[in-house]
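Below, each chain spelled out in residue letters.
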Amino acid sequence: MLGCSLRSIALGLLSAAVLGSFAPAASAQLTDITQAPNTLNAGIKKSLTQQIGLGRGDVSTPNSSAFLIERDPFRAVARGRQLFQRKFTEGQGLGPRRNDGVGDIEHDAAIGAGLADSCAACHARPFGSAGFGGNVFTRPDSRDAPHLFGLGLIEMLGDEITQDLRAIRANASQQAVSSGSSVTLALASKGIGYGSITAFSDGSFDTSAVKGIDADLRVRPFFAQGKTMSMREFIVGALNAEMGLQAADPDTLAASQGQDVVTPSGMLLSGSLDAIDAPPAVSVTDDPDFDGVVDEVPVSLVDSLEFYLLNYFKPALGPQTAETALGAKTFKRISCTECHVQSLRITHDRRVADVETKFDGVLGNAVFNQLFATATPKHDSIDDLSGYPTLKPPLGAAFEVKNVFADFRRHDLGANFHERNFDGTVQTLFMTEPLWGVGSTPPYGHDGRSATLTDVILRHGGEAQAQRDRFVALSQSERDALLAFLNTLVLFAPPDTASNLDPANFGDPQFPLHGHGSIDLSVLFAVTSDKE
């Protein structure tokens, strides 16, 4: 079915139903209807036990995470989404706070993270999304929770850049050993420079000229300072630090012990080369927070959350005008794109679909936004004669990641961006923040201390001093155009955004409470009537 679009699949399914007859759209932070039943039947449709299913299992174990990811991937994404929104309870292991908020915060910043009962408590704006909105006291001047749109693409880009740079290192070493003399090669990937590396004939290296990343050449795109390489580490760590939920995750455990592990979402945790964060629990019987609940986050839940974020939607693009076109040109002309590189190419896309969301004054619902999302399949369909739904592996083709505006390097932007740590040290280097979604995410900066786009641009110094000064020198109309362009890089609420999976139905008698359209993955489930 490679030539079949999701539009034709979805509309074929929709033709058998009355538009607007779907269950109410999902929302941010959800209870499940087995715990909190209600007349509207609003909330997660499955209990936590049902979401856990039969564990990780395999492709022949129905209702296991491996089975869903391989055979019913859109249900796997939706299950991860519902887990992300789920309000966990104390009986399910929620809490306590790290050491109940007491201890040496200089060495354990998670003491200042607080306690949330869902991932959406920190990542919930816009409505129903894996967005932004949280703020934690893990630094004296706080940290803001960034949005998670396009997170899987960020992970893939960071990993591919790492592979490219390490291949250059291996080539330099091979040349040095063969020639018996030192060899210096430039480090570059996807058109971005990372300095250079010198290899010696004895197998050693001089990494003093490496720029923007660690000497091991691993890009770590997560956290403002560039701390973590994979979404799985991020998920396991956040569940523990922000929610008091401990996962005995076998993948991060094995990788932290030096093994190489490929997760169900296809990410290689290269423990033989990289330091991987160990999970807080080492076995399903471990109770590291002494709350009496063990196996708080079974591996199938981590699998579902990772697969959800791998496939999570990219930010949208708002209406483009002559003014925004001028703004984009101006942004490039004053050299902002030296660090905020507009678009980058992935050579092997691990996602099963792409969703392109942009302004559409006709197909948008014109109530909650004027955007329309078009979903396109990126998976194969293989009948293994098992009698189960076909295997649906990702095609693994190349993909152009447009309007990400990032370079996957750390930079020193001067004292205005420097950050105090509790032990008195100062963090001076930060990853270039991808600008997609920036029009929706004030306040700005890793600490949320810049109220407007103008404020955060004027805050730039250090390596970006020249660009900041060029912005100041622009005419008012040029500045307005540049800001107008940045404001078209927006986030959106998936439950309120019409799509080819669930278009707006303006004729619905209850419009817009019903019929406003959404990105409804359930029409792509193997069994569409079985909701998540």
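Residues numbered from 1 in each chain as written. Predicted model: local features only at pLDDT ≥ 70, side-chain atom pairs only at ≥ 80, totals over all residues. Heavy atoms only, no water.

### Some details on the overall build of the protein
When its secondary structure is counted, the protein shows twelve helices and 20 strands. Taking 532 residues into account, the globule formula puts the C-alpha radius of gyration at 24 Å, and the protein, at 24 Å, falls close to it. Judged by the C-alpha coordinates and their principal axes, the protein covers about 70 × 60 × 50 Å. When burial is assessed residue by residue, the protein has 53% of its 532 residues classed as buried. By sequence separation, contacts in the protein at least 24 residues apart represent 67% of the contacts at least 6 residues apart. With the model as given, the accessible surface of the protein reaches about 21900 Å², and the carbon-plus-sulfur share is 56%. (Helix = DSSP H or I, 4+ residues; strand = E, 2+ residues; numbered from the N terminus. Rg over C-alpha atoms; globule rule 2.2 N^0.38 Å. Buried < 20%, exposed > 50% of the residue type's maximum accessible area, 1.4 Å probe, protein only. Contact = heavy atoms within 4.5 Å. Areas by Shrake-Rupley, 256 points an atom, 1.4 Å probe, with all protein chains shown as cover.)

### Details of the packing of aromatic side chains
Applying the stated criterion across every chain yields a total of 14 aromatic pairs. Pairing Phe 222 with Phe 234 gives two aromatic rings, centres 6.3 Å apart and planes at 35°, and the pair type is tilted. A residue pair is termed long-range when its members are at least 10 positions apart, and Phe 222 in the loop between strand 7 (205–206) and helix 6 (231–243) and Phe 234 in helix 6 qualify at twelve residues. The pair Phe 222 / Phe 234 is uniform in exposure class, with both members buried. For the pair Phe 506 and Phe 511, a centre-to-centre distance of 5.2 Å together with 55° between the ring planes defines the contact as tilted. Judged by relative accessible area, Phe 511 falls into the partly exposed class, the value being 23%. Here the basic side chain of Arg 351 rests over the ring of Phe 399, its NZ or CZ set 4.5 Å away from the ring centre. Arg 459 extends its terminal NZ or CZ atom over the ring of Phe 417, reaching a point 4.4 Å from the ring centre. (Phe/Tyr/Trp six-rings, centres within 6.5 Å; stacked < 30°, edge-to-face > 60°. Lys NZ or Arg CZ within 6 Å of the ring centre and 35° of its normal.)

### Some words on helix 12 (residues 476–486)
Turning to helix 12, its buried residues are Ala 481, Leu 482, Leu 483, Ala 484, Phe 485 and Leu 486. Considering only its buried residues, helix 12 is in contact with helix 9 (322–333), helix 10 (453–458), helix 11 (465–473) and strand 19 (489–490).

### Examining the pattern of salt bridges
Evaluated as defined, the whole model comprises 37 salt bridges. Salt-bridge contacts for Arg 75 lead to Asp 72; the nearest nitrogen and oxygen are separated by 3.1 Å. As far as the burial class goes, Arg 75 and Asp 72 line up, both buried. Here the salt bridges share partners, and the residues they tie into one network are Lys 46, Asp 72, Arg 75, Arg 79, Asp 530 and Glu 532. (Salt bridge = Lys/Arg side-chain N within 4 Å of Asp/Glu carboxyl O.)

### A short note on the packing of helix 9 against helix 12
Two elements in contact, helix 9 and helix 12, have axes separated by 7 Å at closest approach and are oriented at 100°. In this view, helix 9 runs roughly perpendicular relative to helix 12, as classed from their interaxial angle. Note on element contacts: helix 12 touches helix 9 through Glu 478, Asp 480, Ala 481, Leu 482, Ala 484, Phe 485 and Leu 486, opposite Glu 323, Thr 324, Leu 326, Gly 327, Ala 328, Thr 330, Phe 331 and Arg 333. Broken down by class, the residue content of the contact of helix 9 with helix 12 amounts to eight nonpolar, three polar and four charged. (Axes fitted to C-alpha atoms, helices over the stretch in contact; angles between N-to-C directions. Parallel < 35°, antiparallel > 145°, perpendicular 65-115°, else oblique. Nonpolar A, V, L, I, M, F, W, Y, C, P; charged D, E, K, R; others polar.)

### Quick notes on unusual backbone geometry
Cis geometry is adopted by the peptide bond preceding Pro 443, which originates at Pro 442 and carries an omega value of -5°. Among the structural elements, Pro 443 can be located in the loop between strand 18 (430–431) and helix 10. Between Phe 511 and the following residue, Pro 512, the backbone shows a cis peptide bond with an omega angle of 10°. When you line up the elements, Pro 512 lands in the segment after strand 20 (498–499). The residue Ser 142 is not glycine, and still its phi comes out positive at about 75°. As for its position among the elements, Ser 142 is in the loop between strand 3 (135–136) and strand 4 (143–144). At Phe 408, a residue that is not glycine, the phi angle is positive and equals roughly 60°. Here Phe 408 lies in the loop between strand 14 (399–401) and strand 15 (410–411). The class for Phe 408 is buried, based on a relative accessible area of 3%.

### Some remarks on the pairing of strand 13 (residues 371–377)
Burial analysis of strand 13 places five of its seven residues in the buried class, the great majority of the element. Relative to strand 13, strand 12 (residues 353–359) is paired through seven bridges, and the arrangement is antiparallel. In the strand pairing of strand 13, Phe 359 is matched with Leu 371. Pairing of strand 13 with strand 20, which is carried by two bridges, proceeds in the parallel orientation. Residue pairing for strand 20: Phe 372 is matched across the bridge by Ala 498. (Pairing = 2+ DSSP bridges.)

### What about empty space enclosed by the protein?
Per the counting criterion, the structure on display carries three cavities of 30 Å³ or more. Its boundaries defined by the atoms lining it, the largest cavity holds a volume of some 100 Å³. Together, 13 residues line the largest cavity, and Phe 74, Asn 311, Phe 313, Ala 353 and Leu 521 are the ones closest to its centre. With three residues, strand 12 is the single largest residue contributor to the lining of the largest cavity. (1 Å grid on protein atoms, 1.4 Å probe; cavity = no way out; pocket = protein on both sides within 12 Å on 5 of 7 lines; lining within 4 Å. Points joined across faces, edges and corners; volume = space filled by probe spheres on them.)

### So, the side chain of Ser 265
Topologically, Ser 265 is positioned in the loop between strand 8 (260–262) and strand 9 (268–270). Residue Ser 265 is classed as buried on the basis of its relative accessible area of 4%. Within the structure, the side chain of Ser 265 is placed 3.4 Å from the backbone nitrogen of Phe 307, a separation counted as a polar contact. Discounting residues that sit within four places of it in the chain, Ser 265 has contacts with Asp 303, Glu 306, Phe 307, Leu 310 and Arg 350. (Polar contact = N/O pair within 3.5 Å; in protein donor to acceptor, adjacent residues only side chain to side chain.)

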